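Remarks on the overall topology
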Amino acid sequence: MPRKQYWLMKSEPYEFSWDDLLASEHQTTPWTGVRNYQARNLMRDDMRVGDGVLFYHSNVKPQVVMGTAKIASAAYPDPTQFDPKSEYHDPKSDPDAPRWLCIDVQADAAFAAPVTRDALKERDDLEGLMLLAKGSRLSVQPVSAEHWKTITRLGRLKVSRKG
DNA sequence: GCCAACGTTGGC
DNA sequence: GCCAACGTTGGC
């Protein structure tokens, strides 16, 4: 059994949000639309069922890690690449040798206190976190076990209330 | 809205 | 196989 690994997956919430994931059947969704070879290769070669996922809202204010999810399937061909009506349609992908893959993602636990990007940046124990690297655009990123521990701890903190 | 960083495309 | 042009990502 390979050691459990950890990932961060970005989603623009107006495309697909954490709430959308919670509202999905079995709180599970196929992670379709990845059109980057490096991200595809991570899904194909490195992700394993049960791996941990930080669910991140990108391209919004504030950018925030909403909670944890799990990899719920091995990689399989992304059906949207063959759907002419999909914005992710790829006419150059051969059905006999699909170019793009997806995996299923299942919600695990919502953070009591969603962790903002700003909060991550303020810490001094997240050096090397790919999300914070300049110019990092990869939508599927590996996260070290140490960084996973730090971020999930932050997320589980009770929200402090004033008054 | 701007723009730097990055990936992909296509001419040569 | 190089690399300029182009399109996209995504923080700011």
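Structural notes, computed from the coordinates. (Residues numbered from 1 in each chain as written. Chains lettered and ligands numbered in written order. Predicted model: local features only at pLDDT ≥ 70, side-chain atom pairs only at ≥ 80, totals over all residues. Heavy atoms only, no water.)

Considering soluble globular proteins, one finds that nonpolar side chains tend to be buried as a cluster. By size, the foremost hydrophobic cluster in this structure holds 21 residues, and its most contacted members are M9, M47 and I103. For this core, the element with the highest residue contribution is strand β4 (residues 64-71), accounting for four residues. In contact with I103, not counting residues within four places along its chain, are M9, T29, P30, W31, M43, M47, I71, S73, A74, A75 and Y76. Counting residues in each nonpolar core, the second largest holds 15 residues, with V65, F111, L126 and W148 among its members. (Core = buried A, V, L, I, M, F, W, Y, C linked by side-chain atoms within 4.5 Å. Buried < 20%, exposed > 50% of the residue type's maximum accessible area, 1.4 Å probe, protein only. Helix = DSSP H or I, 4+ residues; strand = E, 2+ residues; numbered from the N terminus. Contact = heavy atoms within 4.5 Å.)

On to the environment of M66, then. Relative to the elements of secondary structure, M66 occurs in strand β4. Taking the C-alpha atoms as reference points, M66 and F82, separated by 16 residues in sequence, lie 31 Å from one another. Non-local contacts of M66, meaning those with residues more than four positions away in its chain, are made with W18, F55, H57, A110, F111 and P114.

With that out of the way, let us pick up the protein's contact with DNA strand C. In the vicinity of DNA strand C, the contacting residues are K10, Y56, N59, Q63, R117, K121 and R137. Per the 4 Å cut-off to the protein, sugar and phosphate atoms form 73% of the nearby atoms of DNA strand C. Interatomic distance of 3.2 Å between a side-chain N/O atom of Q63 and a sugar or linking oxygen of DNA strand C. Here the surface near DNA strand C is composed, by residue class, of one nonpolar, two polar and four charged. (Near = heavy atom within 4 Å. Polar contact = N/O pair within 3.5 Å; in protein donor to acceptor, adjacent residues only side chain to side chain. Nonpolar A, V, L, I, M, F, W, Y, C, P; charged D, E, K, R; others polar.)

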